[in-house]
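Below are the chains, spelled out letter by letter.
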There are 2 protein chains.
Amino acid sequence: MVGQIVSAGRGSKRKAPARSEGERQAKLQAILDAALDVFLEKGFADARLDDVASRAGVAKGTLYLYVPSKQALFEAMVRSGIGGPVGAIEQTIPDPHVSAEDQLRALFHFLRTEILGTRRRDIVRLLLMEASRFPELAEVYHREVIARGLRILRSIAERGVARGEFRSDEIVRFPQLAIAPALVALLWTSLFQRLDPIDIEAMLEAHLTLLMRALKGHPS
Amino acid sequence: MVGQIVSAGRGSKRKAPARSEGERQAKLQAILDAALDVFLEKGFADARLDDVASRAGVAKGTLYLYVPSKQALFEAMVRSGIGGPVGAIEQTIPDPHVSAEDQLRALFHFLRTEILGTRRRDIVRLLLMEASRFPELAEVYHREVIARGLRILRSIAERGVARGEFRSDEIVRFPQLAIAPALVALLWTSLFQRLDPIDIEAMLEAHLTLLMRALKGHPS
DNA sequence: GTATAATGACTGTCCAGTCAGTCATTTCAT
DNA sequence: ATGAAATGACTGACTGGACAGTCATTATAC
């Protein structure tokens, strides 16, 4: 198995560390940042650890003091990049005072500002690209991000149905349908924006318009 | 630049070829099929040409009689795999006797049977994965497949609006919204179906239900 | 007999991972 | 205080294996 992400801190408590934990964390972060740049530019297989090292301002050997292998570096980089925001939204979205529609809109606002508009977008793209080579990482991502995100979406949809705001349950059954356009936006931005730019914000707005009309309209 | 896909057929017309053109094509096809298997399994960078060769039943040197480089092999494989079906649908879909809804449903049926349910699904996935390493190929794919597909979709939507069948123009403006769930289906199948299976057909059916209700319903 | 197709051993390059050595910092003896 | 010893973070030249692409040789078709 791939094992731990970072070699465990020194075992002895007797001697003060020559480098503080803070310095150690900062250097690890610099390495992970550099790794993201290089992996994004070249993909996993073509990324060279010499490049990661020089971009992080360390020698190649130093990488191995923080991470046991190239694969572990990749995994550490992804994990450190995706963990945060899902938890935040699990806290803020399920406010019972606002309508399901507003919850959905808040979720999309969050997607736009916290993922599509940031570095995380690239991490997700990189993860999608390499996922079949890292089944274990795909599993982590599915469990920690996808499944939780879909759970939030489903609970919003269920609440919308329960309070009569939505007249049908397609989104309860397939919450993927609600975020599908965000995925298209993510991939389009990375692959085709240069060739054929689209206005992502307007597209997502149009999607919400359609979705709301479909959910609230008369089921013919 | 990357240059031609396949080493140009023999230039000389003076000598009869020792292998007929048919044999040559068949062997090329065997090589491309083998290449698809191997590239799918390993990704571009980790695919070994020895594996492609042995799977195609030839020696490695033989590959270079058909293709000038690994990259050219990848490109040839992708191009030979994606060309066909778009043209077919451009012919059959725009029948003025059927409703825009039926045209859309026919398009989705086509997507399910001709792409999602076949080897082409994997080619598309592979292409998405490697696209940033092959900008030229991404451009070809955008021009030959994406742009044409979206054009068909847009023309269906325009016709729906023109004949009063659809009451709003979001799909005219962003035809990507209509096929977004198909992309999710494609990626989900490849990455997560094993962990968390979903019924793709039912999901796409639910999408069409929602989409039709949104397009036909009262714009509140 | 000869031209072409096919072969596979070989070569040169690239790079992940290693490890003997360096050096800045801390600890300790006086 | 002060210098010597200990520590361990850091370095980068090196190694071993992998693999794309080559080409002298062999097989095959006509």
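The shown structure was predicted, so the numbers you read here are calculated from the model rather than taken from an experiment. (Residues numbered from 1 in each chain as written. Chains lettered and ligands numbered in written order. Predicted model: local features only at pLDDT ≥ 70, side-chain atom pairs only at ≥ 80, totals over all residues. Heavy atoms only, no water.)

Novice: Hey, could you run me through the packing of helix α7 (residues 119–130) of chain A against helix α10 (residues 176–191) of chain A in this one?
Specialist: Residues and elements named next belong to chain A. Relative orientation of the contacting elements α7 and α10 amounts to 90°, with a least axis distance of 10 Å. Looking at the two axes, α7 sits roughly perpendicular to α10. Contacts between α7 and α10 involve R121, V124, R125 and L128 on the former and, on the latter, L183, L186, L187, T189 and S190. (Axes fitted to C-alpha atoms, helices over the stretch in contact; angles between N-to-C directions. Helix = DSSP H or I, 4+ residues; strand = E, 2+ residues; numbered from the N terminus. Parallel < 35°, antiparallel > 145°, perpendicular 65-115°, else oblique. Contact = heavy atoms within 4.5 Å.)

Novice: In this structure, what is going on with the relation of the copies chain A and chain B? I would like to understand it.
Specialist: For these two chain copies, the linking operation is a rotation about an axis paired with a shift along it. With an axial shift of 0.0 Å and an RMSD of 0.1 Å, the rotation relating chain A to chain B amounts to 180°. What the superposition gives is, in effect, a two-fold axis relating one chain to the other. Here 100% of the interface residues in chain A have copies in chain B that are interface residues too; the copies meet face to matching face. (Least-squares fit on C-alpha atoms with pLDDT ≥ 70 in both.)

Novice: Before we go on, may I ask you to explain the packing of helix α6 (residues 100–116) of chain B against helix α10 (residues 176–191) of chain B in this structure?
Specialist: The axes of two packed helices give the description: the angle between them and the distance between them. Residue and element names in this part refer to chain B. Axis separation between α6 and α10 bottoms out at 12 Å; the angle between their running directions is 25°. In terms of orientation, α6 and α10 fall into the roughly parallel class. Crossing of α6 over α10 shows right-handed handedness. Between α6, through F108, L111 and L116, and α10, the contact on the second element is made entirely by A178, I179, A182, A185 and L186. Of the residues belonging to the contact of α6 with α10, the class tally is eight nonpolar, no polar and no charged. (Left-handed = near helix turned anticlockwise from the far one by under 90°. Nonpolar A, V, L, I, M, F, W, Y, C, P; charged D, E, K, R; others polar.)

Novice: I tried to follow the domain arrangement of chain A on my own but got confused; where do I start?
Specialist: The accessible area lost on association of the parts is a frequent measure of interface size. Residue and element names in this part refer to chain A. Under the domain assignment, chain A is made up of domain 1 (19–68) and domain 2 (70–220). Placing the centre of domain 1 and that of domain 2 at their C-alpha centroids yields a distance of 30 Å. Taken residue by residue, the interface counts 17 residues in domain 1 and 16 residues in domain 2. Across the domain 1 to domain 2 interface the summed buried area is about 1,500 Å²; carbon plus sulfur atoms make up 75%. A per-residue breakdown of the area domain 1 buries against domain 2 is headed by L36, L40 and F44, which together make up 44% of the total. (Domains from an automatic or database assignment. Buried area = accessible area lost by both parts, 1.4 Å probe.)

Novice: It is not clear to me how helix α11 (residues 200–216) of chain B should be interpreted in this structure. Could you clarify?
Specialist: For an α-helix the count is 3.6 residues per turn, leaving residues at separations of three or four pointing the same way. A rise of 1.5 Å per residue sets the reference length of α11 of chain B, with its 17 residues, at 24 Å; its end C-alpha atoms lie 24 Å apart and thus fit the reference within 8%. With respect to burial, α11 of chain B is a largely interior element, 12 of its 17 residues being buried. Along α11 of chain B, the residues that are buried comprise I200, M203, L204, A206, H207, L208, L210, L211, M212, R213, A214 and L215 of chain B. On its buried face, α11 of chain B sits against α9 (170–173), α10 and α11 (200–216) of chain A together with α6, α9 (170–173) and α10 of chain B. The N-cap of α11 of chain B, judged by a side-chain oxygen 3.1 Å from the amide nitrogen of E201 of chain B a few residues on, is D199 of chain B. (Expected span 1.5 Å × (residues − 1). Buried < 20%, exposed > 50% of the residue type's maximum accessible area, 1.4 Å probe, protein only. Polar contact = N/O pair within 3.5 Å; in protein donor to acceptor, adjacent residues only side chain to side chain.)

Novice: Any chance you could explain the confidence of the model for chain A here in plain terms?
Specialist: Any residue range with low pLDDT should be treated as having predicted coordinates unsuitable for detailed reading. Residues and elements named next belong to chain A. For chain A, mean pLDDT is 87; residues scoring 70 or higher make up 90% of the total. Ranking the elements of chain A by mean pLDDT puts helix α5 (residues 84–92) last with 82 and α9 first with 97. Low pLDDT, under 50, characterises residues 1–16; the stretch is placed with 21 contacts to residues that sit more than four places away or in other chains. (pLDDT = per-residue confidence, 0-100.)

Novice: Help me understand the interface of chain A and chain B, please; the structure alone is not making it clear to me.
Specialist: Listed by partner, the interface residues are 51 residues for chain A and 51 residues for chain B. Applying the counting criterion to the chain A and chain B interface returns four salt bridges. The partner of R133 of chain A in a salt bridge is D46 of chain B, and the shortest N-O contact between them spans 3.5 Å. Viewed at the interface, chain B and chain A are joined by 10 residue pairs in polar contact (both at pLDDT 80 or more). Counting only elements with at least two residues in the side of chain A that touches chain B, the list comes to α1 (21–46), α7, α8 (135–162), α9, α10 and α11 of chain A. Residue composition of the side of chain A that touches chain B, by class: 30 nonpolar, nine polar and 12 charged. (Salt bridge = Lys/Arg side-chain N within 4 Å of Asp/Glu carboxyl O.)

Novice: How do you make sense of the packing of aromatic side chains when you look at a structure like this?
Specialist: The geometry of an aromatic ring pair is captured by two quantities: the separation of the ring centres and the angle between the planes. All told, the structure shown has 12 aromatic pairs over all chains when counted by the stated rule. Seen from their ring centres, F39 of chain A and F44 of chain A are 5.6 Å apart, and the 15° between their planes marks the pair as stacked. Accessibility classification places F39 of chain A together with F44 of chain A in one group, the buried group. With centroids separated by 5.5 Å and ring planes inclined at 80°, the aromatic side chains of F44 of chain B and F74 of chain B adopt a geometry described as edge-to-face. Highlighted residues: F44 of chain B in helix α1 (residues 21–46) and F74 of chain B in helix α4 (residues 70–82), separated in sequence by 30 residues. Just as F44 of chain B is buried, F74 of chain B falls in that class too. An aromatic cluster of three or more residues is present, and its members are F39, F44, F74 and F134 of chain A. (Phe/Tyr/Trp six-rings, centres within 6.5 Å; stacked < 30°, edge-to-face > 60°.)

Novice: What is the right way to look at the environment of F39 of chain B in this model?
Specialist: Residue and element names in this part refer to chain B. Among the secondary structure elements, F39 is positioned in helix α1. A relative accessible area of 0% places F39 in the buried class. For the pair F39 and M77, spaced 38 residues apart in sequence, the C-alpha to C-alpha distance is 9.6 Å. Setting aside anything within four residues of it in sequence, one finds F39 in contact with F44, A47, K70, L73, F74, M77 and L126.

Novice: What is the right way to look at the nonpolar core in this model?
Specialist: For soluble globular proteins, the rule of thumb is that nonpolar side chains tend to be buried together. Counting 158 residues, the largest nonpolar core has F39 and L73 of chain A together with F39 and L73 of chain B as the members making the most contacts within it. Broken down by element, the residue count for this core peaks at 11 residues, all from α10 of chain B. (Core = buried A, V, L, I, M, F, W, Y, C linked by side-chain atoms within 4.5 Å.)

Novice: Please explain the pattern of salt bridges as it appears in this structure.
Specialist: Pairing between side chains becomes possible if they bear opposite charge and their charged atoms approach one another. All chains considered together, the criterion is met by 42 salt bridges over all chains. Among the salt bridges present, the one from E41 of chain B reaches R55 of chain B, with a minimum N-O distance of 3.4 Å. Taken as a pair, E41 of chain B in helix α1 and R55 of chain B in helix α2 (residues 49–56) lie far apart in primary sequence, 14 residues in all. Since its relative accessible area comes to 55%, E41 of chain B is described here as exposed. Across the pair R120 of chain B and E114 of chain B runs a salt bridge, and its minimum N-O distance is 3.4 Å. On the basis of relative accessible area, R120 of chain B is assigned to the partly exposed category, the value being 24%. Residue classification places E114 of chain B among the partly exposed residues on the basis of a relative accessible area of 31%. One salt-bridge network, held together by shared partners, links E101, R105, R163, E165, E205 and K216 of chain A.

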